[in-house]
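# Examining the three-dimensional arrangement
Now for the letters of each chain:
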Amino acid sequence: MNKRYAFLFALLTASLPSVAQTIIVNRDPQIADLVSQLSADSLRSHINGLVSFGTRHTLSTTSDPKKGIGAARQWILGKFNQYARQSGGRLTATIDKWTLSADGRRIDKPADMGNVMATLKGTDPADTRVFIVQGHMDSRVTNVMNRDADAPGANDDGSGTAAVIELCRVMSKSQFPATIIFVALTGEEQGLLGAEHLSERAVTEKWNLEAVLNNDIMGSNNSNETNIIDNTRLRVFSEGLPGNLLKDTTNRISQIRQFGNENDGKARSLARYLKEVGERYVDNLEVVMVYRNDRYLRGGDHTPYVQRGFAAVRLTEMNENYNHQHQDLRTENSTEYGDYPKFMDFDYLRKNTAVNLATLANLAKAPTVPQKVTVDVRNLTNSTVLYWQAPQVGKVKGYYVLMRETYWPFWQKKFFTTKLGMTLPYSKDNYYFAVQAVSEDGNESLPVLPVPNLR
Ligand SMILES: [Zn+2]
């Protein structure tokens, strides 16, 4: 079934009374065209390039021109600079370098660190929004301190890094009102160090960072132990509560409890958006929302952003094969261990990369979010009255009012209006609502949940 109809079908079959109108959301032809330019072969060649450096361990050599993380980051920078030439001057690439001293944990000597970044500057000077898509370039074997052994890291996280490179290749030819930053991070395996550095920069430099898509382990289609093979599902991990809630000194916790908003934190809200938009553009792929920040025993580079209060999610393949992660290269009892490209599914990686592209492009083309979204709760009524103000930046065709049952995982209905308010014949007590601003091309902003107007 075509995704567009699948979406309509999902809306029609949702367990709601079918009173109000249903909106068919069409694909934006520009985004569909960009999605079609992503190539499995191109992704494969990016990964072969990354693997050719032997190891990309964070503590490996940075002076050898052919081996180690220093050579790898120069190679990624070279790719970004190549794409910069086709961008009409909008894309600039750099290695953000710093030195870390030994920390008594996974850094045992002063380390020469570097995140490789390419920034596709937005075309609208008034639009300060920044979107980050990232993967980690560093790799490891069984012993996390082993900086010498070959560590191909084809899938962990060559897959995420190759996705970032491929997204930059395809998207840098286009222009978007908002800014997109493509990042190959360092130091993930040594303690999320590259993401700590970049998310802290976003805070101190006051970036208007609206979303972070972290891609880590997303190009293998099968599991060890349970032997499942499936390249039609992608997981997106998200936390339901605001990530910096424990540091919050206002009464945010009591408001979340009072209004039942524990499933609508920034990351969860972004995951829901990514599911809807990703499935709109990518055929034969279901985005599975996982209601937790990450897997057991594992961490990821979205977490330093989440902890600082940004909307950040993790995209990871549906089934993981632990024989091909963090393993010394060897064969034991006729099982081959190691993170090699030959164990990957490049068309699956292409689809997972496409989910990123659709989400980033739709966000970067959308207006900024509607302002002062309010639900009127001053009277005991059986309807819902919402009002809001126009977004600060971007041309607006209108607004979607989103609606879902309180127990439902994603938005079930969309009501379109060109006005700055809407009255709906559904009780505010029984549903969640949110409002999105919509561009001329139909691109939606992130949704904003209404604040109750109590007086
Ligand atoms: Zn990883």
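Residues numbered from 1 in each chain as written. Predicted model: local features only at pLDDT ≥ 70, side-chain atom pairs only at ≥ 80, totals over all residues. Heavy atoms only, no water.

### Section: helix α2 (residues 29-37)
Among all positions of α2, only I31, L34 and V35 are buried. Projected down its long axis, α2 shows its buried positions confined to an angular sector of 100 degrees, all on one face. Residues of α2 that are exposed and point over 90 degrees away from its buried face: P29 and S36. (Buried < 20%, exposed > 50% of the residue type's maximum accessible area, 1.4 Å probe, protein only. Helix = DSSP H or I, 4+ residues; strand = E, 2+ residues; numbered from the N terminus. Arc of directions from axis to C-beta.)

### Here we look at the pairing of strand β16 (residues 431-438)
When you tally the buried positions in β16, you get eight out of eight residues, the bulk of the element. Burial along β16 is two-sided: the face carrying Y431, F433, V435 and A437 and the face carrying Y432, A434, Q436 and V438 are both buried. Bridge count between strand β13 (residues 398-405) and β16: eight bridges; the pairing is antiparallel. The residue of β16 that forms the bridge with L402 is A434. (Pairing = 2+ DSSP bridges.)

### Describing the nonpolar core
With 61 residues, the main nonpolar core has F80, M171, F182, V313 and L357 as its most contacted residues. Top element by residues in this core is helix α10 (residues 346-365). It accounts for nine residues. Ignoring sequence-local partners within four residues, the contact set of L357 consists of I31, L34, V35, L38, L167, V170 and M171. Residues V183, L198, L209 and F310 belong to the second largest nonpolar core, which totals 16 residues. (Core = buried A, V, L, I, M, F, W, Y, C linked by side-chain atoms within 4.5 Å. Contact = heavy atoms within 4.5 Å.)

### A few points about the coordination of the zinc ion
Ideal geometry at a metal centre gives angles of 109.5 degrees when four donors are arranged tetrahedrally and 90 or 180 degrees when six donors are arranged octahedrally. Looking at the zinc ion, the protein donor atoms are H136 (NE2), D156 (OD), D216 (OD) and D216 (OD), and they sit 2.0 to 2.7 Å from it. Read N to C, the donor residues that coordinate the zinc ion are spaced as H-x19-D-x59-D. Remark: D216 occurs in the loop between β5 (208-215) and β6 (233-237) and H136 occurs in strand β3 (residues 129-136); sequence separation between them is 80 residues. (Donors = N, O, S within 2.8 Å, 3.2 Å for Na, K, Ca; no water.)

### Details of the sheet that holds strand β15 (residues 421-424)
Strand order in this open sheet of four strands is β15-β12-β11-β17, and the pairing throughout is mixed. Here the strands that pair on one side only, and so sit at the sheet edges, are β15 and β17 (451-453). Taken over all neighbouring pairs, the strand axes of this sheet differ in orientation by 25 degrees on average, direction set aside. Examined bridge by bridge, strand β11 (residues 371-376) and β17 share three bridges and lie parallel to one another. Bridging across to β17, D376 finds its partner in N453. (Axes fitted to C-alpha atoms, helices over the stretch in contact; angles between N-to-C directions.)

### Re the UniProt feature "domain: Fibronectin type-III" (unreviewed entry) in the protein chain
The feature "domain: Fibronectin type-III" (unreviewed entry), as given by UniProt, occupies residues 369-455 in the numbering adopted here. With 0% helix and 46% strand, residues 369-455 has end C-alpha atoms that lie 24 Å from one another. (UniProt positions renumbered as here; feature names shortened; annotations may be inferred.)

### Re the pairing of strand β8 (residues 312-317)
Of all six residues making up β8, six are buried, and the element is well covered by its neighbours. Burial of the side chains of β8 extends over both faces: A312, R314 and T316 are buried on one face and V313, L315 and E317 on the other. Sheet topology places β5 next to β8; four bridges connect them, and they run parallel. Residue pairing across strands places V212 opposite A312, the latter belonging to β8.

### What to know about empty space enclosed by the protein
Going through the model one piece at a time under the given rule, you end up with two cavities of 30 Å³ or more. Every residue along the wall of the largest cavity is listed here: N155, S220, E317, N321, H324, Q325, D339, Y340 and F343. Among the residues making up the lining of the largest cavity, the classes are represented as two nonpolar, five polar and two charged. Empty space within the second largest cavity amounts to approximately 40 Å³. Surrounding the second largest cavity, S269, R272, Y273, E276, L402, W411, Q436 and P447 form its lining. The residue makeup of the lining of the second largest cavity, split by class, is four nonpolar, two polar and two charged. (1 Å grid on protein atoms, 1.4 Å probe; cavity = no way out; pocket = protein on both sides within 12 Å on 5 of 7 lines; lining within 4 Å. Points joined across faces, edges and corners; volume = space filled by probe spheres on them. Nonpolar A, V, L, I, M, F, W, Y, C, P; charged D, E, K, R; others polar.)

### Observations regarding the domain arrangement of the protein chain
Annotation of the protein chain at the domain level lists domain 1 (3-26 + 368-453) and domain 2 (38-365). Its C-alpha centre places domain 1 at a distance of 31 Å from the equivalent point of domain 2. Of the residues lining the interface, 23 residues belong to domain 1; the matching set on domain 2 comes to 29 residues. Of the roughly 2100 Å² buried where domain 1 meets domain 2, counting both sides, 53% is carbon and sulfur surface. At the boundary of domain 1 and domain 2, one finds four salt bridges. Two residues, K365 and D441, come together in a salt bridge whose shortest N-O distance is 2.9 Å. (Domains from an automatic or database assignment. Buried area = accessible area lost by both parts, 1.4 Å probe. Salt bridge = Lys/Arg side-chain N within 4 Å of Asp/Glu carboxyl O.)

### Regarding the sheet that holds strand β2 (residues 111-120)
Here we have eight strands laid out as an open sheet, ordered β1-β2-β4-β3-β5-β8-β6-β7, and mixed in their pairing. Two strands close off the open sheet at either side, each with one partner strand: β1 (91-100) and β7 (286-290). The average angle at which neighbouring strand axes cross in this sheet is 25 degrees, direction not considered. The sheet contact formed by β6 and β7 spans five bridges and is parallel.

### Some thoughts on the layout of surface pockets
If you roll a probe as big as a water molecule over the atoms, it shows you where there is empty space left. What the largest pocket holds in volume is close to 980 Å³. Lining the largest pocket are 33 residues, with R252, D264, K266, V448 and L449 sitting closest to its centre. Contributing elements (two or more residues each) for the lining of the largest pocket: β5, α7 (252-259), α8 (266-281), β11 and β17. Tallied by class, residues from the lining of the largest pocket come to 18 nonpolar, 10 polar and five charged.

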